[in-house]
Structure formats: C-alpha cells, structure tokens
Amino acid sequence: MSKSSKLFAPDGILSQAIPGFTVRQAQTDMANAVEEAIEHKSALIVEAGTGTGKTFAYLAPALQAKKKTIVSTGTKNLQEQLFHRDLPLIKKAIGVNGKIALLKGRSNYLCLHRLRQHASSTTLLDSTTMVELSDVRRWATSTKTGDMGEMKALAEDAKVLPFVTSTMDNCLGKDCPDYEDCYMIKARRKALDADLVVVNHHLFFADMALKDTGFGELIPEADVVIFDEAHQIPDIASEYFGESLSSRQLHDLSRDLELVYRTSLKDAKQLHTAGEKCKMISADLRILFPEKAQKGNWREMLSRDDVQTQISKLNDSLNVLYEVIKLHLSRDKDLDSIFERVSDARAKLTRLTDSNQKGVSLWYETTMRHIVLHLTPLSIAAKFSKLISTPERTWIFTSATLMVGDGFEHFQRQMGLQQAKTLALDSPFNYQKQAMLCVPRFLPEPNAREMRQTLLDISIKLIAASGGRCFLLFTSHATLRAIAGMLEDKVDNPILVQGTTTKRALLESYVNSDNAVLLGTGAFWEGVDVRGNDLTCVLIDKLPFASPDDPLLQARIEDCRKAGGNPFGQLQIPQAAIALKQGAGRLIRDETDRGVLVICDNRLVTKDYAKTFLRSLPDMRRTRHLPNALAFLEEIHADAQDAKKADKIVKRNANNVAKAAAQSAANKVTQQLAEQNLDKENVSHLGESTDDKNLPEHSGLDTPDMFNKEAQ
C-alpha cells in the first residue's frame, strides 16, 4: 500500500487528526497519482471535479516527499487560503515540520524607497492619494511583512498603490538604499529557505520570463512544481512569453523623471522637458483611436499614415530622452534605473512595429486614457515543452476544468504536454439529485434584438422562485448593464452589479443579504465559492465563445488554417466549453447544495457541437420546461425558509434553557452569598464581648432555649 493510500484510508492519519474528514476514493486516487509522479519525476495532468478535495490530494504527497516544492495558484485568494488554512492543517495532521513560505509579486509589497520619495514630494499627489498615503505611512511603522494585503481598508485599486510599491521597471534592485530592509527581498529569502513555496501563476511566469533573458530569478529552483487552477496557464504563459508597451508605462516614466528633477537634480530641467514631450506624444497616439475601449489588429493599424507618423515621433522622443538622461548618468540611482527603462522601451517599440514577424500576433488594446501594444506568440507549446524537459523534475497540472468533452487533447496541445500522464476524476456530488440544467424552450437566437427582453423575463421568474439567491452571468458588459438597468424597476431585491465596487465587496454584500441578486461577467465565472442556500440559481446568457473581433484569436485562427486545422473545432469550441464549465461550477460547491443552472442559448439543443458542451458539464437532470426549474427552485427556497424557522426555534429554546440555567445559577449564587454574609456577621460578633448586657436582642448567640424555639 502506498504512503498516500495509508494516509487517506478510513483509519488513516487524516481521518484521525482532522475533525469531519471524509474519505473519498477520487481524492485517494489523485494523491496516489501525484505520489507516483513525484517518485518518477514525470508530468501529470489531473481534472478533479468540484468536491474531490484536490488541495489535500496534492499537498499531502508533496509534504511527505520532503522535496523542494512550488505550488502555483490562479488567484491570490486561493494562494492565501493554501498558506493560512490548508497547509498548516495538513502539516499538523501528518506531522511534517518543513518550512513553508508565501511569495507574491513585487507590487504586493510596500517599497520603502518609493514611500520615502513621495512622502517628501507631495505636490504631485491629489487629496485622495494624500489621505491614502498617510494611512500607508502609519501602517508602515508597524508592519512586519510589508504585504499591502494587510491594509484591509485600502481598496484593491487605491490610487496610492503605484506610489508606494515598485514594478519591474522602477525597482532599483541592489542599488536601492533600502535593499537590506526590502520586504520583497525578505519574502524571497524566506522562499529560498522554505521547503514549500506558494506563489501565483503571474509571478511564476514573470519570473520564468526573467530567467529566460538571463537577468535573475525570484522563484527558487524546485524538485516539484504544482499548478492549481491550471486551466488559466495557457493565456497567462502566452502573456509573459510575449512583450507589451503601454502609454501608461511612458506616463509613469515621465512622472518618475519629474520626481527626480524636483527632489535630486533641480539643475536638470531638460529631464522634465524631455519626459513631458514623450508623455504627450504617447497620449497623442491614443487620440488616433476611437474613444471607446477596444482591441484590434496592430499590423493593420501600422499601415495607416497617421499612425506611422505618430510612431516615428514617439521613437524620436524616446531617442532624445535617452540622450538627455545619458548626460546625467551616475548622478542619481533612480535616474540610472529610468535610463534602463527608456532603453527597454526603445527596443520594445522597434519589435512591436516590425510587421514582418511570423509566429506572433501583433495587436493593440485601448482603455479610456491609454493604449497598449502587444506581441504575443501564437503557440507556447514548443517553448513550454522545452521548459519542463530540463532540468528533470515533477510537474503537476490540476483543475476542475481541463477536459473538453471526454479528453485532455486541447490542453495538452496548447501546452506541449502530449507525453504527460492524464487522470480524470468525477465529482463526488450527486448532481442528478442536487441540480437541474434548464435550456428554456422558445428562445430567440442569441444575438436577436428580442433576446434581452427574454433574458429579463426569465431572470424575473428565477429571482421570484429562488427568493433572490441568484447569480446572473453574462458574456458581455453591454448585456450586463442593459439587464441590470431593466431589473431595478421590476424586482424589489437588492441588485448588485459588477463594476459598481470591488469584487470582494460585492460578494460580501451578496452573502450578507437574504435576497440579493448578483450580476457579473468574466470576473464571477470562476474563483467564486458561495455555498448552501446563499446561491441556488445560476443563469448564463449564452455560450461563452470569444469575440470574433479579438485580434489574438483571429491570428490563431489564421495560423490554425494555414496548418490545415479546423479553428472552430480546435480553438473556439474548446475555449468556450472550458469557460462554460467554469461558470456552471459556481452552482454546486458542497454535497448538500441544491440548485438550478439556466443556459439561455438554444444552440445547446440545435447544433451538432452541443454534445461537446453537454459532455463537459456535470451530469445534472435536464429540462427544457422552465416551470420545472422554477418548481425545483421554489422547493429549495421553501426548504430553506423551513430550515431558518427551525433554526430560530432551536436557538430560542437554547436561549430559554440558557436563561433558565443562568437564573438557577444566579439564585444559587445569591443564596450562597446570603449564607456567606450571615457567617461573616456571626464571625464579626465573635470578636466582641460576650457579656449578656452587651449582646443585642436575638443576636443569634442567645440561649439554647432560643435556638430550640426557632427550631420548633
């Protein structure tokens, strides 16, 4: 019997050490597979359905193997859950004393140097940022980790963050005067000394990109690398294997130059002038594009004369800035760092405007104020395959959504993992009993004008039947805003809409309300864990195919066609199936959960490819009759209300019992105190004269006759 089988057995260590631990065969099977992969230094891909307990299934073998391990997650929330909850629990259970460390990206740590810089030059900051800066300065005097996440009152998008944290661009490295006290460096040293390090995918691939260029490494070498939420890796890895340059970066560079000029080099006004020129030209480039945020083909835009002219101006301004800074090198360490950033920006602009490159997509995206130029490889398979081949080590990829239909071919092809072992583990939940999938009859075509009214009508019925415990998930922000606007006048339930505040605040408001409805897009399709009767219905407006206007997708489609492939079958369907699987996964999170999944897209019934989507979803009961779904929701809601009433009765009875017990105890204490007071009074008289004439009448020390009379 393997170590993992013993560990996860009904009479094993975990059952004995962890209250409420449930033995699951799928969890044991995964743990055994991970243990074997570690022993043979091989690659393993595991899809573990919701409720399998995959976290323990990979942590236990990794800790028992006593090898240097990196666990990479898709979100900060899971990263912190692993480090603060799961790892300490399982370490204690199996009696392993290995060191563990939590490592985040540099922008999550307070930068002492930048805090001091901006504290002494507050004229560049607005009043809101100034207030936030004061809060950060107070916190900085007591923090031990420098982790900005400790400041719970500070919003995730607080204006002050860029001023008190560093980036790869503006970090001074070993030249920083605060290098020895740097919180990020301290965290890295702990990671170097730890047996298991918890990171996130962005940090992992950012570091890997650095190692690829030979400049440095943040993540220590490891014997075992485990990717949880591995379905996110292809997109994140593509981002870091590519390059980008934004007008925001050039604006930040100009701002940092102004700071150097105002604080250190007041005699070098040309630094400020050249920086402002570069900033203005990059802003003028943004003006050449529509005001509305969009993505597009950068190769096509480069054929426009006005864009070419502006790019030429931007290139000239960067060259001037380069020469101006060069005159003042070695006068200020921050300026020397800015010089490196300007050099890097010049080189990137050259590569990002070379339209003759093959095997990459050149695309752009705009926000309301900025433009970002991207160079993204069309495939990372060859590069990633080479990465995992040397040095020889264990690679584990796991998620609840890796398979498309019945296989792993899509993920393996994307990542170059054709030789990896695969394992599919079903969820232990009884979806036939717990959940229902409804594709309502008589739906308009997904892009028909009347579809929004249909979505509104269905949403109103679902909200009424479920008592408001609904997630309404959309594939576009436009549809989200339209339905949110129409719903407000149609239902009395609180309507929580993505974009009105942070994701965390919306979820807290939803859970704390008895009848709120949450409307979201991509951010709420994954990484959200709401259990029990707080979420009994999930509506998805349509199959989540990527926008056909997406320039990166267009480039990949064209590349697939050139290779003789079928882009729709090989790219678009698999991506949409995984996304749908993620959205559907919000519904059933526990073995006692019940709920209804409503997908308002008749293509799930009319198209041949619907089979791929349906095979990817959990095996729920299916119906096309909306009243069936509504009846199930009403049953769930009624049961929830009954459970609440029963809970109130139990609590009331418990309170009554507690009050009676408290009153009884109070009476007993009162009686004891009375007796104690009487004894004290008696004792006080014993110290006095016992001469009869000095005794008070009926003092309690009267003659035996008196005592006998009282007794009678």
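Whatever comes next refers back to the structure up there.
Strands sit in the order β6-β9-β8-β7 across an open sheet of four strands; the sheet is antiparallel. Each having just a single partner strand, β6 (243–246) and β7 (295–297) make up the two edges of the open sheet. When strand polarity is set aside, the average angle formed by the axes of neighbouring strands in this sheet is 20 degrees. Here β6 pairs with strand β9 (residues 371–377) via four bridges, running antiparallel. Residue S246 lies in a different strand from β9, and its bridge partner there is V372.

A word on empty space enclosed by the protein. Scanning all chains against the criterion turns up three cavities of 30 Å³ or more. One number sums up the size of the largest cavity: a volume of about 90 Å³. Put simply, the parts of the chain that give the lining of the largest cavity at least two residues each are α12 (247–263) and α16 (333–352). Broken down by element, the residue count for the lining of the largest cavity peaks at four residues, all from α16. In the lining of the largest cavity, the residues fall into four nonpolar, one polar and four charged. Estimates place the volume of the second largest cavity at around 60 Å³.

On to the sheet that holds strand β2 (residues 69–73). One open sheet accounts for seven strands, arranged β3-β4-β2-β5-β10-β1-β11; its pairing is parallel. In this open sheet, the two edge strands, each paired with only one partner strand, are β3 (100–102) and β11 (421–425). Averaged over all pairs of adjacent strands, the angle between their axes in this sheet comes to 15 degrees, without regard to strand direction.

Attention shifts here to unusual backbone geometry. The residue K66 is not glycine, and still its phi comes out positive at about 55 degrees. Mapped onto the elements of the fold, K66 is located in the loop between α4 (54–65) and β2. The exposure class assigned to K66 is exposed, which follows from its relative accessible area of 72%. For S330, which is not glycine, the phi dihedral falls at a positive 75 degrees. In this structure, S330 sits in the loop between α15 (305–326) and α16. We classify S330 as exposed; its relative accessible area is 67%.

Before going further, it helps to spend a moment on the nonpolar core. Among the nonpolar cores identified, the biggest contains 71 residues, and L462, F471, L487, L519, L597 and F613 are the most heavily contacted of them. Per-element tally for this core: the top contributor is helix α20 (residues 451–466), with seven residues. For F471, the contacting residues outside a window of four places in its chain are L507, Y510, L518, V528, V530, L535, C537, V538 and L539. Listed in part, the 53 residues of the second largest apolar core include A43, M148, M208 and F227.

On to the pairing of β9, then. Within β9, seven of the seven residues are buried, which leaves it mostly tucked inside the rest of the structure. Side-chain alternation along β9 places I371, L373, L375 and P377 on one buried face and V372, H374 and T376 on a second face that is also buried. Of the strand pairs in this sheet, strand β8 (residues 360–366) and β9 are connected by seven bridges, and their pairing is antiparallel. Bridge pairing in β9 links V360 to P377.

Summed over the entire model, instances satisfying the criterion amount to 22 aromatic pairs. Plain terms: the ring middles of F397 and F411 are 6.0 Å apart, the flat faces sit at 65 degrees to each other, and that makes the pair edge-to-face. Here F397, found in strand β10 (residues 394–399), pairs with F411, found in helix α18 (residues 409–415); they are 14 residues apart in sequence, far enough to count as distant. Three or more aromatic residues joined by ring pairs form one cluster here, namely F204, F205, F227, F241, F384, W395, F397 and F411. Here R469 stacks its cationic end above the ring of Y510, 4.4 Å away from the centre of that ring. Seen from the ring of F632, R621 lies directly overhead, with NZ or CZ sitting 4.5 Å from the centre.

Let's shift gears to the packing of α12 against α16. Their axes nearest at 10 Å, the elements α12 and α16 cross at an angle of 155 degrees. The orientation of α12 relative to α16 falls into the category roughly antiparallel. Of the two elements, α12 crosses α16, and the hand of that crossing is left-handed. Contact residues: Q249, L250, D252, L253, D256, L257 and V260 in α12; D334, L335, I338, R341, V342 and A345 in α16. Looking at the contact of α12 with α16 residue by residue, the classes come out as eight nonpolar, one polar and four charged.

By the definition in use, this model includes 31 salt bridges. The partner of E36 in a salt bridge is K421, and the shortest N-O contact between them spans 3.2 Å. Pair noted here: E36 is in helix α3 (residues 25–40) and K421 is in strand β11, with a separation of 385 residues, a long-range link. What makes E36 partly exposed here is its relative accessible area of 38%. What makes K421 partly exposed here is its relative accessible area of 48%. For R331, the salt bridge identified is with D267, shortest N-O distance 3.1 Å. Linking R331 in the loop between α15 and α16 with D267 in the loop between α12 and α13 (269–287), this pair joins segments that are 64 residues apart in sequence. A residue is classified by how much of its surface remains accessible, and R331, at 42% relative accessible area, is partly exposed. Through salt bridges with shared partners, a single network forms among R114, D252, R255, D256 and R341.

Here is what the cut-offs are and how they apply
- Residues numbered from 1 in each chain as written.
- Predicted model: local features only at pLDDT ≥ 70, side-chain atom pairs only at ≥ 80, totals over all residues.
- Heavy atoms only, no water.
- Pairing = 2+ DSSP bridges.
- Helix = DSSP H or I, 4+ residues; strand = E, 2+ residues; numbered from the N terminus.
- Axes fitted to C-alpha atoms, helices over the stretch in contact; angles between N-to-C directions.
- 1 Å grid on protein atoms, 1.4 Å probe; cavity = no way out; pocket = protein on both sides within 12 Å on 5 of 7 lines; lining within 4 Å.
- Points joined across faces, edges and corners; volume = space filled by probe spheres on them.
- Nonpolar A, V, L, I, M, F, W, Y, C, P; charged D, E, K, R; others polar.
- Buried < 20%, exposed > 50% of the residue type's maximum accessible area, 1.4 Å probe, protein only.
- Core = buried A, V, L, I, M, F, W, Y, C linked by side-chain atoms within 4.5 Å.
- Contact = heavy atoms within 4.5 Å.
- Phe/Tyr/Trp six-rings, centres within 6.5 Å; stacked < 30°, edge-to-face > 60°.
- Lys NZ or Arg CZ within 6 Å of the ring centre and 35° of its normal.
- Parallel < 35°, antiparallel > 145°, perpendicular 65-115°, else oblique.
- Left-handed = near helix turned anticlockwise from the far one by under 90°.
- Salt bridge = Lys/Arg side-chain N within 4 Å of Asp/Glu carboxyl O.

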